[in-house]
Structures are given as C-alpha cells and as structure tokens.
Amino acid sequence: MQPHNGQFNFSLDAALGGVTALTRRGFLALGAVGALVAAGCATNPARTSKVPEPIWPDEVAKKPPVRATVVAKSPKDFKFVMDRDGWSRGPCIPSLMNPMLPPRYITVHHDGMSPFLAKDQTSSAARIEIIRTGHRSKGWGDIGYHYVVDRGGRVWEGRAIQWQGAHVKNCNEGNIGICCLGNFDEQSPSPEQLKACETIVAALMAKYRIPVSRVRSHQEWSGARTACPGRSLQREFVQMRAKTLACKSVPSDAARA
Ligand SMILES: [Zn+2]
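Everything quoted here is computed from the prediction, not taken from an experiment.

Undergrad: Please explain the overall build of the chain as it appears in this structure.
TA: Each helix and strand counted, the chain has 8 helices and 6 strands in total. Secondary structure of the chain in N-to-C order comes out as α-α-α-α-β-β-α-β-β-β-α-β-α-α. Counting the 257 residues in the chain, one finds 46% classified as buried. Pairs at least 24 apart in sequence give 76% of the contacts found in the chain among residues at least 6 apart.

Undergrad: Where do I start with the sheet that holds strand S1 (residues 81-82) in this structure?
TA: The strands making up a sheet are joined through hydrogen bonds of the backbone, oriented either antiparallel or parallel. Judged by pairing direction, the sheet is mixed, and its 6 strands sit side by side in the order S1-S4-S3-S5-S2-S6 without closing on themselves. One side of each edge strand has no neighbouring strand; the edge strands of this open sheet are S1 and strand S6 (215-217). As paired strands, strand S2 (residues 105-110) and S6 are joined by 3 bridges and run parallel to one another. Residue Thr107 lies in a different strand from S6, and its bridge partner there is Arg216. The strands touched by helix H7 (residues 231-243) are S2, strand S5 (175-180) and S6; relative to S6, the strand with the most contacts, the crossing angle is about 165 degrees.

Undergrad: For this particular structure, what's the right way to read the pairing of S2?
TA: As a general feature of sheets, a regular strand has side chains that alternate between the two faces. Counting buried residues in S2 gives 6 out of 6 residues, a clear majority hidden from the surface. Of the two faces of S2, the one carrying Tyr105, Thr107 and His109 and the one carrying Ile106, Val108 and His110 are both buried. One ladder, built from 6 bridges, connects S2 with S5; its direction is parallel. In the strand pairing of S5, Val108 is matched with Ile178.

Undergrad: Even after reading the chapter, I still don't get the pairing of S5, so can you show me in this structure?
TA: Here S5 lies mainly inside the structure; 6 of its 6 residues are buried. Burial along S5 is two-sided: the residues Asn175, Gly177 and Cys179 and Ile176, Ile178 and Cys180 are all buried. Note that strand S3 (residues 147-149) and S5 share 3 bridges and pair parallel. Considered in S5, the bridge of Val149 is made with Cys180.

Here is what the cut-offs are and how they apply
Counting from 1, residues in each chain are numbered in the order their sequence is written. Residue-level local features of this predicted model are given only where pLDDT is at least 70; pairs of side-chain atoms are given and counted only at 80 or more, and the full residue set underlies all totals for whole chains, interfaces and linings. Strands are runs of DSSP state E lasting at least two residues, helices are runs of H or I lasting at least four, and both sets are numbered from the N terminus onward. Residue burial here comes from a neighbour count, namely the number of other C-beta atoms, placed from the backbone, that lie within 10 Å of the residue's own C-beta, with 20 or more meaning buried, 12 or fewer meaning exposed, and in between meaning partly exposed. Note on contacts: each residue gets a C-beta atom placed from the backbone, and two residues are in contact if those atoms are within 7 Å. At least two bridges found by DSSP between two strands are what make those strands a pair. For helices, the axis comes from a line fit to the C-alpha atoms of the stretch in contact; other axes are also lines fit to C-alpha atoms, and the angle between any two N-to-C directions lies between 0 and 180 degrees.

In short, shape yes, function no, at least from these values alone.
Take a look at the structure:
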C-alpha cells in the first residue's frame, strides 16, 4: 500500500485525482509523464495537436498577459462553511475543470504533508493555500478538494461544488472531496476537526441524499493505492461512519447501494 505522506505523496494524491479528467477526454496518448504534468483538468485539445509556432523576442513582448478567467462566485452551500476568499490567493481556472455531475459519493482525505498542529485561522488558511498552489502547479484548475476541515474545527470552501473535483483516481465524477488538514499517519485529528468533518459529511449526505454506503475514505476506493487519510483518521472515520453517519443515512440507502 502506498504511503500517503510528505511532498511525494502530496503530489501523488494530486496526480491520482487528475487522471480521470484526462481519461475522459481521451488524452491517454499523453502517457504517464504527460498525465502528471497536465493532470486534473484537461488541456485545450487544439493546443496539443498544433505544431508550435516560432516565437520572436519582440512578439513575446507584445503578447498580452495570459489572464485567468474568474468564475462567478457560487452561492455557498452551508452557512457554517468559511468562504474561499479567506484563504485563496488565486482564482480557479474554469477552462481546466469539468462541470460537476450530480453528487453521489463523498470521499474523506488528509493532506498528507508534514504534521500540522496549528488550530488558528491564519495558519490554517496558509496551509490550504499551499495545497492549492501545489495542485495548480500540476496544471489543475484549482485545489482538488471541495471542502477543507482544519484542526480548529472550521470547514472551508475549496473547489466550488459546481466543478468536478480532482482527488480520487478515475473516480472524480459526482464525488465530493473533503480534505482534513494534517498527516494522520504521523498525528491524530483534533476532536474539533473530527466533529467538523462529521458535520460537513452529514450536511452533504442530507443535501444531496447520499447514503452512508457511498461515504468513503480515499483508501476505500477500489484500486486506490494510498494510505490516505492516514491510520488515525481512518480509524476515527470508520467509527464515525458506523456510529453517527449511519444513523443519518437517507432512507433510500438500501435501494441505492
Ligand atoms: Zn487522498
């Protein structure tokens, strides 16, 4: 099983989440290296098939700067969710993302970077921004997760829910991604963080009528070669699902499972 910590695994998680979009658009020919570079969200097909044009120094100077298209702000799903403006220092790029299909799954992750103990808002916001820039550096349109839960018990908006996430290899369609800040192979989630994770998962289950049988951790996806969300969060998550979330599952669970 692939460990899920440190920068390497941070990148791996990012790469895994992104391959889906490429596959959907038929860019298998890009190969493994190309997929890692252009992961997450498809690039413009016309651009990839074109022979590069010569670029002259004076033309480079004349070229207008590439502007990111800023998507209209989406209405927040829940009042308790902190706005992405509170942490994000850059816009998302809609042309690099796919529209979200109706949500059918919820997946819980950790960020898998170095251990993180801070509970304050400023440190938490900075950590989320690090994740976003890491994902953007892979060519993705935004942070790959839809929600982020910090150690102080805050839930932050990540990638707007109108866009498909990038967090589980080949399984991003209709899959809501939730990331808990920290590395839970090396630390334990805080009580506040666990409670907030439970709150957002339960709220999403109710809003989108997602049965508990479709609430998973990253490592529970078939074929997922990852230890995400780490040993301690996995243990807590399994208990949370059995004890609390199962009681809140929609009545149609058996029929839809
Ligand atoms: Zn993960």
